[in-house]
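Notes for the structure review
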Amino acid sequence: MFKLKLEQRFHKLSSFESIKVMSQTDVEKIEKPTTDPKDIAPDVQLKVVNLRKYFPIEGGFLWKKKIADIKAVDGVTFEVKNGETLGLVGESGCGKSTIAKTLTFLHKPTSGEVWFRTGRDEEMIDLRVLSPKALRGVAKDLTMVFQDPAASLDPRYTVMQSVLEPLEIHNQVDDSDKYAVVRSILLQVGLSPHHAYRYPHELSGGQQQRVGIARALTLQPRLIILDEPVSALDVSVRASIINLLIKLQDELGFAYIFIAHDLSVVRKISHRVAVMYLGKLMEFGTVDDVYDDPMHPYTQALMSAIPVADPTVKKERIFLKGEVPTPIDPPVGCRFCTRCRYVRQKCYLEEPELKEYDNHKLVACHFASEIKAGTHVLADELIDAEESVDAS
Ligand SMILES: Nc1ncnc2c1ncn2[C@@H]1O[C@H](COP(=O)(O)OP(=O)(O)OP(=O)(O)O)[C@@H](O)[C@H]1O
Ligand code: SF4
Ligand SMILES: [Mg+2]
């Protein structure tokens, strides 16, 4: 139990310490980027190209050797614009946290490119090719808030020490300014200055999460990755933290990647949404397009589970059958083929690309247009029709 807590603590530290993971030798091994940074639009804060994160599985009795890979993130491409919130949704185990940890270099990417706009010249920089020292410099612009507020704070530190830690690592605070800086940040996140001298166990869950957000804010980052920041909190506290995040974004203009299971919360805070399944993106678009007009059968099933407040509105609930395949050996064709109600033979053989549809929406499904137009019948109906033809 104690070991687990320690591991949690290690993972839940901000990205600053973790950057040691990338050694200079690792950096030298990285393949050349295929993206020209000049082609990236000026309003893009982060661009991820074909990102992969595989976790090796080792076997063998005396000599350990790699026997397979867990393909947690398997070729994901997306962008986050300045000042926007990108919601990241999908079932448990689809790779959301792995993306978050790979972008903050808690995990080293297996392959792919991570471009980030930073520095005085506002240049797009490929983070994979930076030395560990340069990466630590960028880390102040790219921070992370974790799910479990209690485990993400050091129990030996007061709130003041926790909030100051990132500033001290980056030598950005004078001793004389310390209290004023902490006071102003605590007020920004809705805490009072007297909380500065408390320890994490003397705070409620909501207050602990506010301290986590305060820590992320101290260096005035450009992008904050929030991995299930409100999942451990009750509904009323959840609403106040979401409102706080929206207010801070309006005031300070940074971007968020917001990961959560609660689709209503994601809708409230996000401008665009990415839907993930088994390590890949299935659909990507504006929040209204994805929620009100989902095109991918997986997104349709996810959205059908959102409760509707109006009792007069009838909504079909789509229940997904079957198991999620293992990320060690995902299906060769469409990743969703084992559970899709529209599946056809092509889906088992060919992997669908993410293709662009109306309003710049991206969907990875061979039959997205036909499903949207209502001309693609369900697989069960097709089988019934074929059986009745055979019988007659
Ligand atoms: N350090 C690790 N070593 C090996 N496998 C890992 C590791 N971290 C994650 N995985 C595996 O990678 C896959 C994706 O995990 P991840 O934590 O990213 O999912 P998630 O979408 O965040 O799920 P949840 O919604 O439950 O948090 C899972 O199959 C998981 O078991
Ligand atoms: S490609 Fe086939 S299996 Fe995949 S979502 Fe589309 S219809 Fe379903
Ligand atoms: Mg997760």
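Residues numbered from 1 in each chain as written. Chains lettered and ligands numbered in written order. Predicted model: local features only at pLDDT ≥ 70, side-chain atom pairs only at ≥ 80, totals over all residues.

1. Concerning helix α8 (residues 178–188)
Regarding α8, the residues found buried are V182, I185 and L186. With its buried residues spanning 100° around the axis, α8 presents them on a single face. Exposed side chains of α8 directed beyond 90 degrees from the buried face belong to A180, S184 and L187. G190 occupies a position one or two residues after α8 and carries a positive phi of about 80°. (Buried ≥ 20, exposed ≤ 12 C-beta atoms within 10 Å, placed from the backbone. Helix = DSSP H or I, 4+ residues; strand = E, 2+ residues; numbered from the N terminus. Arc of directions from axis to C-beta.)

2. Section: the domain arrangement of the chain
Taken domain by domain, the chain consists of domain 1 (2–60 + 71–270) and domain 2 (275–391). Placing the centre of domain 1 and that of domain 2 at their C-alpha centroids yields a distance of 31 Å. Counting residues at the interface gives 21 residues for domain 1 and 16 residues for domain 2. Mapped onto the side of domain 1 that touches domain 2, the elements with two or more residues apiece are β2 (65–81), β3 (85–89) and α11 (263–269). Split by residue class, the side of domain 1 that touches domain 2 holds 9 nonpolar, 7 polar and 5 charged. (Domains from an automatic or database assignment. Contact = placed C-beta atoms within 7 Å. Nonpolar A, V, L, I, M, F, W, Y, C, P; charged D, E, K, R; others polar.)

3. Brief notes about the site of ligand 2
Around ligand 2, a shell composed of 13 residues is seen, among which C334, C340, Y342, C347 and C365 lie nearest. In terms of residue class, the shell around ligand 2 is built from 11 nonpolar, 2 polar and no charged. (Near = placed C-beta within 6 Å.)

4. Here's the deal with the sheet that holds strand β5 (residues 123–126)
The strands making up a sheet associate through backbone hydrogen bonding, with each pair oriented either parallel or antiparallel. Taking strand neighbours across the sheet as the criterion, the 4 strands line up as β2-β1-β4-β5 in an open arrangement whose pairing is antiparallel. The strands lining the two open edges of the sheet, one partner per strand, are β2 and β5. Strand-to-strand, the axes of this sheet are offset by a mean angle of 25°, without reference to chain direction. Set on the sheet, helix α4 (residues 96–103) makes contact with β1 (44–59), β2 and β4 (111–118); between it and β2 the angle comes to about 75°. (Pairing = 2+ DSSP bridges. Axes fitted to C-alpha atoms, helices over the stretch in contact; angles between N-to-C directions.)

5. Let's talk about helix α13 (residues 297–304)
Those residues of α13 that sit buried are P297, Y298, T299, L302 and M303. In the core, the buried residues of α13 are packed alongside β3, α11, β9 (272–277), β10 (280–286), α12 (287–292) and α15 (368–373).

6. Points about unusual backbone geometry
The backbone phi angle of N359 is positive, close to 60°, even though this residue is not glycine. N359 gets classed as exposed once you count the C-beta atoms within 10 Å, which come to 10. Non-glycine residue H360 carries a positive phi angle of around 60°. By secondary structure assignment, the location of H360 is in the loop between β11 (355–356) and β12 (362–363). Exposure remark for H360: the 11 C-beta atoms within 10 Å place this residue in the exposed category.

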